[in-house]
Amino acid sequence: MAINKILTGLVASYNRLVEANDSYLEKDSGIEGFRNLIDQRNLVIEDIDLLTKELVKEIGQTYREHTFKCRTIPEALRALLVLAPELSDACDRIKDALQDLVQSDAKVEAKISTMKDSVKEEISRIRRGSRVLKGYKQADPMGSCFINKIK
């Protein structure tokens with residue numbers, strides 16, 4: 001059944017997002033690693049959007065008589081639980097994969113917040129350093145002496 005293949009593809013996509021998060025968390029790569037994570041997430045999310053459209057289209061073609069709204073994944077899963085109870089295992093796998101993704105995203109968010117704190121500390125250190133440098137600023141040699149000579 002094509003719907004089962006689409007559901008399997010969605011689970012694989014969510015698992016790829018979790019793996020990308022885990023890879024980012026294992027490495028201490030800073031901002032560059034975060035940019036790579038965002039790029040990878042964007043690609044996988046495009047795949048998820050395409051799979052979602054395919055799922056909605058397939059549900060509409062397979063179950064023409066249904067009156068459920070199926071525009072998003074949660075709506076499609078709720079409709080499938082009623083229309084095709086034999087796919088409940090696949091729907092449960094999607095829910096589990098989403099739950100893993102939410103937990104993984106929370107870990108990434110915690111790491112990013114620590115990065116944000118370290119960036120703030122670095123900015124304040126640089127500002128303190130610039131204040132010290134301003135204290136040692138030399139007078140401009142072409143200042144008022146030059147103007148006095150012209151007068």
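Keep in mind that this is a model prediction, so the values were computed, not measured.

As for the overall build of the chain
Next up, step 1: A tally of helices and strands in the chain yields 5 helices and 0 strands.
Next up, step 2: Along the chain, helices (α) and strands (β) appear in the sequence α-α-α-α-α when read from the amino end.
Next up, step 3: Considering only residue pairs separated by 6 or more positions, the chain has 68% of its internal contacts joining residues 24 or more positions apart.
Next up, step 4: As presented, the chain carries roughly 10,800 Å² of accessible surface, and 55% of it is formed by carbon and sulfur atoms.

Section: the packing of helix α2 (residues 30-62) against helix α3 (residues 73-83)
Next up, step 1: Packing of α2 against α3 brings their axes to within 10 Å, and their N-to-C directions diverge by 35°. Read as a crossing pair, α2 and α3 show a hand that is left-handed. Here α2 contributes Ile48, Thr52, Leu55 and Ile59 to the contact with α3, which in turn contributes Ile73, Ala76, Leu80 and Leu83.
Next up, step 2: Along the lines of polarity and charge, the residues of the contact of α2 with α3 split into 7 nonpolar, 1 polar and no charged.

Quick word on the pattern of salt bridges
Next up, step 1: In this structure the tally under the stated criterion is 2 salt bridges.
Next up, step 2: Across the salt bridge formed by Arg16 and Asp47, the nearest N and O atoms sit 3.5 Å from each other. Linking Arg16 in helix α1 (residues 2-26) with Asp47 in helix α2, this pair joins segments that are 31 residues apart in sequence.
Next up, step 3: One salt bridge connects Asp105 with Arg41, and the closest N-O pair in it is separated by 2.9 Å. Note that Asp105 is positioned in helix α4 (residues 88-135) and Arg41 in helix α2, a separation of 64 residues in sequence.

Let's talk about a nonpolar patch on the surface
Next up, step 1: On the surface, Phe68, Leu81 and Val82 cluster together into a nonpolar patch covering about 240 Å² of accessible area.
Next up, step 2: You can see Val82 is positioned in helix α3.
Next up, step 3: The exposure class assigned to Val82 is exposed, which follows from its relative accessible area of 52%.

A few points about α2
Next up, step 1: The end-to-end C-alpha separation of α2 is 47 Å, in line with the 48 Å expected for 33 residues at 1.5 Å each.
Next up, step 2: For α2, the complete set of buried residues consists of Gly33, Leu37, Arg41, Val44, Ile48, Leu51, Thr52, Leu55 and Ile59.

Section: the side chain of Glu75
Next up, step 1: One can find Glu75 in helix α3.
Next up, step 2: Nearest to the buried, unbridged Glu75 among oppositely charged side chains is Arg71, at 4.2 Å.
Next up, step 3: Setting aside residues up to four positions removed in sequence, Glu75 forms contacts with Lys69 and Cys70.

Some thoughts on the confidence of the model for the chain
Next up, step 1: Looking at the chain as a whole, its pLDDT mean stands at 82, while 83% of the residues score no less than 70.
Next up, step 2: Ranking the elements of the chain by mean pLDDT puts helix α5 (residues 144-150) last, at 54, and α1 first, at 92.

Rules and cut-offs
- Residue indices follow the written sequence of each chain, beginning from 1 at its first position.
- Restriction of local features to residues with pLDDT of at least 70 applies here, the model being predicted, together with a cutoff of 80 or more for giving and counting side-chain atom pairs; totals for whole chains, interfaces and linings are based on all residues.
- By convention in this description, side-chain values take in all heavy atoms of the structure and omit both hydrogens and water.
- By definition, any uninterrupted DSSP run of H or I lasting at least four residues is a helix, any uninterrupted run of E lasting at least two residues is a strand, and each is numbered from the N terminus.
- Note on contacts: a residue pair is in contact if any heavy atoms of the two residues lie within 4.5 Å.
- In this description, accessible areas are obtained by the Shrake-Rupley approach with a 1.4 Å probe, and a residue is regarded as covered only by the protein chains that are shown.
- For every element, the axis is a line fit to its C-alpha atoms; helices are fit only across the contacting stretch, and the angle between N-to-C directions ranges from 0 to 180 degrees.
- Crossings are classed by handedness, with left-handed meaning an anticlockwise turn of the near helix from the far one by less than a right angle and right-handed meaning a clockwise turn.
- Under the convention adopted here, Pro, Cys and the residues Ala, Val, Leu, Ile, Met, Phe, Trp and Tyr are nonpolar, Asp, Glu, Lys and Arg are charged, and Gly plus all remaining residues are polar.
- Here, a salt bridge means any side-chain nitrogen of Lys or Arg that lies within 4 Å of a carboxyl oxygen of Asp or Glu.
- Nonpolar side chains (Val, Leu, Ile, Met, Phe, Trp, Tyr) are joined into patches within 5 Å and like charges within 9 Å, using only residues with over 30% relative accessible area and no salt bridge.
- Burial status follows relative accessibility: with a 1.4 Å probe on protein chains alone, a residue under 20% of its type maximum counts as buried, one over 50% as exposed, and anything between as partly exposed.
- Here the expected span of a helix is defined as 1.5 Å times the quantity of residues minus one.
- Counting rule for charge: Lys and Arg are taken as positive, Asp and Glu as negative, and neither His nor the chain ends is counted.
- pLDDT expresses, on a scale from 0 to 100, how confident the predictor is about each individual residue.

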